[in-house]
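One letter stands for each residue in the lines below.
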Number of protein chains: 2
Amino acid sequence: MSSPETLTLASVQEAHKLIKPFIHQTPVLTSTYINTLASTPQTPESLSNTEWSGQTPSNPILRIHFKCENFQRIGAFKARGAFHAIERLKQSPDFDPSRGVVTHSSGNHAQALSLAAKTSSIPAYIIMPTISTPSKIAATLSYSAQITFSGPTAPEREAAAQKIISSTGAALIPPYDHPHIIAGQGTAALELLSQVPTPLNAIITPCGGGGLLSGTALACSESKTKVFGAEPSFEGADDGKRGYYSGKRVEAVKSLTIGDGLRTPVGKIPWSIIYERRLVDGMYSVTEDQIRAAMRLVYERLKVVVEPSAVVGLAVALYNEDFRKMVEQEGGEEGWDLGVVFSGGNVSLAALGELFKDQ
Amino acid sequence: MSSPETLTLASVQEAHKLIKPFIHQTPVLTSTYINTLASTPQTPESLSNTEWSGQTPSNPILRIHFKCENFQRIGAFKARGAFHAIERLKQSPDFDPSRGVVTHSSGNHAQALSLAAKTSSIPAYIIMPTISTPSKIAATLSYSAQITFSGPTAPEREAAAQKIISSTGAALIPPYDHPHIIAGQGTAALELLSQVPTPLNAIITPCGGGGLLSGTALACSESKTKVFGAEPSFEGADDGKRGYYSGKRVEAVKSLTIGDGLRTPVGKIPWSIIYERRLVDGMYSVTEDQIRAAMRLVYERLKVVVEPSAVVGLAVALYNEDFRKMVEQEGGEEGWDLGVVFSGGNVSLAALGELFKDQ
């Protein structure tokens with residue numbers, strides 16, 4: 001395993017070469033309507049009851065380029081990191097494919113690792129909490145993974161993983177705190193930069209464990225493109241932001257935000273890239289209502305299916321006055337070309353119904 | 001106005017030239033998962049309680065190419081016909097743009113005509129039933145149209161339209177029973193044929209008033225590509241199918257199918273193309289549950305937002321044994337490349353929530 005210090009733009013470029021045969025180059029979409037909305041000041045009323053109450057609404061100019069990882073294999077960017085981790089394992093003389101790989105995840109990483117392992121005929125062992133939804137279990141099983149159920153806490157999951165490693169010799173592939181995963185996730189931004197004809201002023205991505213955000217930061221580390229992270233503020237899910245501005249990584253999060261992919265704290269290796277190496281330029285958060293409003297826009301205007309976690313970057317661009325003031329100031333009359341990564345589209349239809357039932 | 005008899009492939013080609021600057025060439029999507037599902041026999045159990053109960057499930061091979069008119073301007077193919085009608089009106093020496101255009105519609109055609117008229121600075125008068133949903137009224141208003149409310153019956157709407165014509169001299173642009181509308185709608189199929197590298201064995205489209213289906217039939221009339229229509233069977237919304245196989249156009253429909261764009265009877269001019277000129281090769285219908293199941297697949301697998309009316313063609317390909325047996329017989333071991341037109345993506349989020357709340 002390469003050490004975190006060695007991660008650079010080149011790591012992401014090499015990852016891209018390795019995984020290209022296995023992933024989709026996902027499309028980049030734009031919407032005139034959303035650009036107009038993003039480039040229109042919010043109403044003073046909409047700022048009441050927020051920290052910007054009474055302030056003059058900012059007036060940034062934004063042209064947004066949506067990188068649609070909801071169209072990625074297994075419906076999320078996680079396929080990138082998983083295929084990269086598997087390809088790198090296969091290159092290692094110490095790796096015995098018959099022993100397999102193991103991870104603990106109930107979400108997109110479980111499906112991604114299962115698919116990547118299956119593609120190379122490597123057994124995949126997935127630790128899932130017993131409370132996982134039947135649809136997620138079914139999706140993981142459909143990639144021929146072997147599921148082991150555990151209790152919901154981190155120690156319980158880790159114990160279950162250790163047990164499997166002891167009995168099978170499987171290699172652990174964690175969902176984000178791993179250099180190969182991070183380099184793989186960064187390939188989405190690499191593509192985005194090459195797909196948009198004009199240079200991007202910035203890219204904003206969701207931040208859960210920080211794999212996507214730190215990988216994006218590496219991808220942009222030798223360009224003028226700034227990188228920002230977006231999080232839900234609900235019940236402290238903005239751990240990345242709080243850590244970033246206090247200088248100390250927040251190690252535990254317990255939030256039931258609708259952005260269910262963003263309920264985890266930022267991992268150690270992502271943190272070293274995001275904060276210690278200063279490769280991320282700022283962190284912003286949004287409310288549950290703002291996530292819902294952004295979801296609504298994406299469904300109504302872009303006509304694509306996204307999960308709530310996927311739209312936090314768009315919600316920041318539309319509703320976070322700190323972010324918007326910064327764009328107004330730095331972008332001026334020319335404005336900014338902003339890349340927004342839609343991280344995934346795996347929302348259960350029941351959850352979708354619940355989310356929109358009163359709208 | 002050209003007479004219906006003159007409508008040919010050339011009419012559609014000319015329409016395409018006229019409207020190209022105003023419309024999107026929408027993408028064509030495919031899904032390995034959906035192809036596998038479509039090429040797998042249904043279970044005998046799933047056929048119980050259907051007209052095919054007890055029969056051996058068919059085993060067709062299908063490669064489906066989805067023409068995504070949900071990504072079209074105003075979110076539906078209707079933009080094509082409306083822009084074409086406006087462009088042709090502008091060419092007519094008798095047309096006085098200041099007098100405007102009028103139609104009676106509560107749905108996609110109202111928005112399409114409003115947008116097309118606004119683009120040429122022509123006033124648009126829209127007759128909508130008083131019971132229209134606020135979201136549809138708002139969408140139509142956003143294109144600067146002038147709305148007149150009427151009672152919900154056809155005579156009430158026609159009286160309201162006549163009143164506007166008398167007072168303004170506006171030109172009536174009906175939603176489907178008009179040669180320029182039909183030629184415009186046919187341009188979606190024209191694009192689809194050119195976007196898929198292999199020749200299509202067939203195209204299937206939804207059939208409400210028949211504008212899209214008859215336009216598609218014209219687009220394919222000089223090629224080997226067969227054309228089929230798809231309808232909901234609920235409460236007699238399969239009027240096109242019943243008319244087609246009885247030889248007599250059904251003139252009235254009263255159905256509350258979830259495919260709300262398909263509640264109208266086939267118009268006279270579409271009928272002349274579909275049935276009298278024999279340019280459509282067959283009509284098929286599906287149940288409300290089959291429409292829901294197809295919607296679910298599209299949301300989960302293609303990750304695109306479609307309205308219920310849009311997926312009836314896919315539902316036929318997946319669940320209608322008459323259609324599937326025909327494909328098995330005619331396509332044999334090579335199978336068929338089938339174009340499926342997704343007609344639109346304008347579903348209210350409340351309706352979406354209702355549709356998926358128990359899934």
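Bear in mind that the values here come from a model prediction, so they are computed numbers and not experimental data.

S.K.: Honestly, the relation of the copies chain B and chain A in this entry has me stumped. Any pointers?
M.R.: Both copies of the chain are tied together by a single rotation about an axis and a shift running along it. At an RMSD of 0.0 Å, chain B and chain A line up after a rotation of 180° and a shift of 0.0 Å along the axis. Given the turn and translation reported, the copies of this chain are related as if by a two-fold rotation axis. No C-alpha of chain B approaches the rotation axis more nearly than that of Gly 353 of chain B, which lies at 1.7 Å.

S.K.: What is the right way to read the side chain of Glu 87 of chain B from this model?
M.R.: Residue and element names in this part refer to chain B. Structurally, the position occupied by Glu 87 is in helix H4 (residues 78-91). By relative accessible area, which is 11% here, Glu 87 ends up buried. Excluding residues within four positions of it along the chain, Glu 87 makes contact with Leu 18, Phe 22 and Ser 120.

S.K.: Would you mind going over the UniProt feature "domain: Tryptophan synthase beta chain-like PALP" (unreviewed entry) in chain A with me for this structure?
M.R.: Listed under "domain: Tryptophan synthase beta chain-like PALP" (unreviewed entry) in the UniProt record, and renumbered for this structure, are residues 63-322 of chain A. The span residues 63-322 of chain A carries 45% helix and 15% strand; its end-to-end C-alpha distance comes to 18 Å.

S.K.: Even after reading the chapter, I still don't get the packing of helix H4 (residues 78-91) of chain A against helix H5 (residues 108-119) of chain A, so can you show me in this structure?
M.R.: Packed helices, taken two at a time, are described by the angle between their axes plus the distance between the axes. Residues and elements named next belong to chain A. Their axes nearest at 8 Å, the elements H4 and H5 cross at an angle of 40°. Between H4 and H5, the crossing angle belongs to the class labelled oblique. The interaxial crossing formed by H4 with H5 has right-handed handedness. Contact residues: Lys 78, Ala 79, Ala 82, Phe 83 and Ile 86 in H4; Asn 108, His 109, Ala 112, Leu 113, Leu 115, Ala 116, Ala 117 and Thr 119 in H5. In terms of residue class, the contact of H4 with H5 is made up of nine nonpolar, three polar and one charged.

S.K.: What exactly am I supposed to notice about the sheet that holds strand E6 (residues 171-172) of chain A here?
M.R.: Each strand in a sheet pairs with its neighbour through backbone hydrogen bonds, running either in the same direction (parallel) or in the opposite one (antiparallel). Residue and element names in this part refer to chain A. Read across the sheet, four strands follow the order E5-E4-E3-E6 without closing on themselves; strand pairing throughout is parallel. Edge positions in the sheet fall to strand E5 (146-150) and E6, since each of these pairs with one other strand and no more. As paired strands, strand E4 (residues 124-129) and E5 are joined by five bridges and run parallel to one another. Directly across from Met 128, in E5, lies its bridge partner Phe 149.

S.K.: Got a minute to help me understand the nonpolar core in this structure?
M.R.: It is characteristic of soluble globular proteins that their nonpolar side chains tend to be buried jointly. Judged by nonpolar contacts, the single largest core of 91 residues is most densely connected at Tyr 299, Phe 323 and Phe 342 of chain A together with Tyr 299, Phe 323 and Phe 342 of chain B. Among residues more than four places away in sequence, those in contact with Phe 323 of chain B are Ile 204, Phe 228, Tyr 284, Val 316, Ala 317 and Leu 338 of chain B. Leu 7, Ala 15, Ile 273 and Val 341 of chain A belong to the second-largest nonpolar core, a separate cluster that totals 32 residues.

S.K.: Even after reading the chapter, I still don't get the domain arrangement of chain A, so can you show me in this structure?
M.R.: Many structure descriptions define interface size as the accessible area lost when the parts assemble. Residues and elements named next belong to chain A. Examined at the domain level, chain A breaks down into domain 1 (28-67 + 196-356) and domain 2 (77-172). Using only C-alpha atoms to locate each centre, domain 1 and domain 2 end up separated by 29 Å. Carbon and sulfur atoms supply 43% of the area that domain 1 and domain 2 bury against each other, a total of about 440 Å² over both sides. When residues of domain 1 are sorted by the area they lose upon contact with domain 2, Leu 212, Ser 343 and Asn 346 head the list and together hold 64% of the total. Linking domain 1 to domain 2 there are three residue pairs in polar contact (both at pLDDT 80 or more).

S.K.: I'm lost on the interface of chain B and chain A in this one. Help?
M.R.: Counting residues at the interface gives 18 residues for chain B, matched by 18 residues for chain A. Counting the surface lost from both chain B and chain A, the interface buries some 1,600 Å², and carbon and sulfur atoms represent 67% of this. Ranking the residues of chain B by area buried against chain A places Lys 303, Val 305 and Leu 349 of chain B at the top, with a combined share of 43%. Summed over the shared surface of chain B and chain A, the number is zero salt bridges.

S.K.: What is the right way to look at the sheet that holds strand E5 (residues 146-150) of chain B in this model?
M.R.: On the basis of which strands lie adjacent, the open sheet formed by four strands has the order E5-E4-E3-E6 (chain B) and parallel pairing. Edge positions in the sheet fall to E5 and strand E6 (171-172) of chain B, since each of these pairs with one other strand and no more.

S.K.: How should the pattern of salt bridges be read in this particular structure?
M.R.: Pairing between side chains of opposite charge can happen when the charged atoms of each approach one another. Inspection of the entire model under this criterion finds 22 salt bridges over all chains. The salt bridge partner of Arg 80 of chain A is Glu 191 of chain A, with a shortest N-O separation of 2.9 Å. You can see Arg 80 of chain A sitting in helix H4 and its partner Glu 191 of chain A sitting in helix H9 (residues 187-195), a full 111 residues away along the chain. Neither Arg 80 of chain A nor Glu 191 of chain A differs from the other in exposure class; each is buried. Lys 67 of chain B serves as the salt-bridge partner of Glu 191 of chain B, at 2.7 Å between the closest nitrogen and oxygen.

What counts, and where the lines are drawn
- Residues numbered from 1 in each chain as written.
- Chains lettered and ligands numbered in written order.
- Predicted model: local features only at pLDDT ≥ 70, side-chain atom pairs only at ≥ 80, totals over all residues.
- Heavy atoms only, no water.
- Least-squares fit on C-alpha atoms with pLDDT ≥ 70 in both.
- Helix = DSSP H or I, 4+ residues; strand = E, 2+ residues; numbered from the N terminus.
- Buried < 20%, exposed > 50% of the residue type's maximum accessible area, 1.4 Å probe, protein only.
- Contact = heavy atoms within 4.5 Å.
- UniProt positions renumbered as here; feature names shortened; annotations may be inferred.
- Axes fitted to C-alpha atoms, helices over the stretch in contact; angles between N-to-C directions.
- Parallel < 35°, antiparallel > 145°, perpendicular 65-115°, else oblique.
- Left-handed = near helix turned anticlockwise from the far one by under 90°.
- Nonpolar A, V, L, I, M, F, W, Y, C, P; charged D, E, K, R; others polar.
- Pairing = 2+ DSSP bridges.
- Core = buried A, V, L, I, M, F, W, Y, C linked by side-chain atoms within 4.5 Å.
- Domains from an automatic or database assignment.
- Buried area = accessible area lost by both parts, 1.4 Å probe.
- Polar contact = N/O pair within 3.5 Å; in protein donor to acceptor, adjacent residues only side chain to side chain.
- Salt bridge = Lys/Arg side-chain N within 4 Å of Asp/Glu carboxyl O.

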